[in-house]
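Here is how the chains run, residue by residue.
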Amino acid sequence: FLVFWALFGLLAGGSVWIARRWGRRTREMPLEVIVGDDVPQFPQRIKRQRLLWALGIGVVGFFLAVVAISLWAPLLRFLHATDFGVRDPIFNRELGFYVFKLPVYLFAQGWTIAAIVFAAILTLVSYYQDRSLRNENGVWLSTPYVRAHVSILVGAFALALAWGYYLKEFQLLYSFRKDAFFGAGYTDVNVQTVAYKIMILVSLGLAGLMGYNLRIRTWRLVGVGSGCYVLCVLVISWLMPTVFEQFVV
C-alpha cells in the first residue's frame, strides 16, 4: 500500500509540479500586470494551492494504493517462483512463468496505465487552472509547454500499451474464442499473435512520434497520432482476427 501510494505520489506529483512551474506565467493574478519576467508572488495563496494539490494527489493515490493491496499474494508467489520442468507448446515458456510471474506483470502494466491516466488528468486540471489551457470563444488555446507535456504523457501511455500487447500474447493460452475448448485456437496462434506484434510496433511508433513532437509542439501530431492508433486497434487488433475467425476458421 505505502509503496504504490509513494509511486503514484512521485509520478503525479512530479508531473503536477512541472505543470505548476510551466504554467506560472499564465496563472491568473487579479489586479496585477506582469512586466518582463517579473512575476508577482502571493505566499499565502501559493501555500494554500500547494496544500490542495498535495491533498488531491494523496486522495487519488490512496485509492490506487488500495487496489495494489490485492497484489500481495501474487507478489509472494513471484518472489518465491519455482519451475515445473514443463514448457508450453506455443511460446516455449516455462509453465512457472504463467503461474508465478505473469499475474504480477499484468497487474503492474494495468496499474501503470491507470496511474498515467490519473496523472494526466491532474496535470491538465493544473494547466487549465493556470490558464495555460483555456477556452476562449469556443476555441481551445494552449501554450507550447502544455503541448510538450501532453506529448510526454501520451508517449509514456503508448509505451505502457506496447508492454500490454507484449503480455497479451501470453494470455492467448487462456483464450475463450472457441466455445468448444479452452486455450489458444488457430486464429489466436496464427493471426492474433501477429496482430499483437504489429500493435507493439504501432505503440512504439506513437511513442516515437510524441518524442518528435517535443520539438514541433503541435496538437496536430497528438491528434493524428492518437486517431491513427485507435484505428489500428480497431482494424488490426480486433477486426482482422474476428473476420479471420468467422470466414476462414
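To be clear, the structure that these remarks concern was listed above.
Residues numbered from 1 in each chain as written. Predicted model: local features only at pLDDT ≥ 70, side-chain atom pairs only at ≥ 80, totals over all residues. Heavy atoms only, no water.

K.L.:
Report on the packing of helix α5 (residues 144-171) against helix α6 (residues 186-216), specifying residues and quantitative values.
P.N.:
Two numbers describe a pair of packed helices, the interaxial angle and the distance between the axes. Closest axis-to-axis distance for the α5/α6 pair is 8 Å, and the angle between their directions is 165°. Taken together, α5 and α6 sit at an angle that is classed as roughly antiparallel. For the pair α5 and α6, the sense of crossing is left-handed. Among the residues making up the contact of α5 with α6, the classes are represented as 17 nonpolar, five polar and four charged. (Axes fitted to C-alpha atoms, helices over the stretch in contact; angles between N-to-C directions. Helix = DSSP H or I, 4+ residues; strand = E, 2+ residues; numbered from the N terminus. Parallel < 35°, antiparallel > 145°, perpendicular 65-115°, else oblique. Left-handed = near helix turned anticlockwise from the far one by under 90°. Nonpolar A, V, L, I, M, F, W, Y, C, P; charged D, E, K, R; others polar.)

K.L.:
Would you mind going over helix α7 (residues 219-247) in detail, with residue names and values included?
P.N.:
An ideal rise of 1.5 Å per residue puts 42 Å on 29 residues; α7 measures up with 40 Å between its terminal C-alpha atoms. Remark: the principal bend of α7, roughly 40°, maps to Leu-239, with a proline, Pro-241, within the next four residues. For α7, every residue scored as buried is listed here: Val-222, Gly-225, Tyr-229, Ile-236, Ser-237, Pro-241 and Glu-245. Sitting at the amino-terminal end of α7 is Thr-218, which places a side-chain oxygen 3.1 Å from the backbone nitrogen of Arg-220. (Expected span 1.5 Å × (residues − 1). Bend = angle between axes of the 7 residues up to and from the residue. Buried < 20%, exposed > 50% of the residue type's maximum accessible area, 1.4 Å probe, protein only. Polar contact = N/O pair within 3.5 Å; in protein donor to acceptor, adjacent residues only side chain to side chain.)

K.L.:
Quick rundown of the state of the cysteines? Include the residues and the values.
P.N.:
For the structure shown, the criterion picks out zero disulfides. No disulfide involves Cys-228; its nearest neighbouring cysteine sulfur is the one of Cys-232, lying 6.7 Å away. Classification of Cys-228 by relative accessible area gives partly exposed; the value is 42%. (Disulfide = S-S within 2.5 Å.)

K.L.:
Residues and numbers for the layout of surface pockets, please.
P.N.:
Approximately 160 Å³ is the volume found for the second largest pocket. What lines the second largest pocket is Ile-116, Val-117, Ala-120, Leu-124, Val-150, Leu-153, Val-154, Phe-157 and Trp-219. Those elements giving two or more residues to the lining of the second largest pocket turn out to be α4 (95-129) and α5. Taken together, the residues that form the lining of the second largest pocket break down as nine nonpolar, no polar and no charged. (1 Å grid on protein atoms, 1.4 Å probe; cavity = no way out; pocket = protein on both sides within 12 Å on 5 of 7 lines; lining within 4 Å. Points joined across faces, edges and corners; volume = space filled by probe spheres on them.)

K.L.:
Account for unusual backbone geometry, with residues named and values stated.
P.N.:
Residue Asn-92 is not a glycine yet carries a positive backbone phi of 55°. Along the chain, Asn-92 turns up in the loop between α3 (72-79) and α4. The phi dihedral of Arg-131 is positive, around 70°, even though this residue is not glycine. Here Arg-131 lies in the loop between α4 and β1 (133-136). Residue classification places Arg-131 among the partly exposed residues on the basis of a relative accessible area of 34%.

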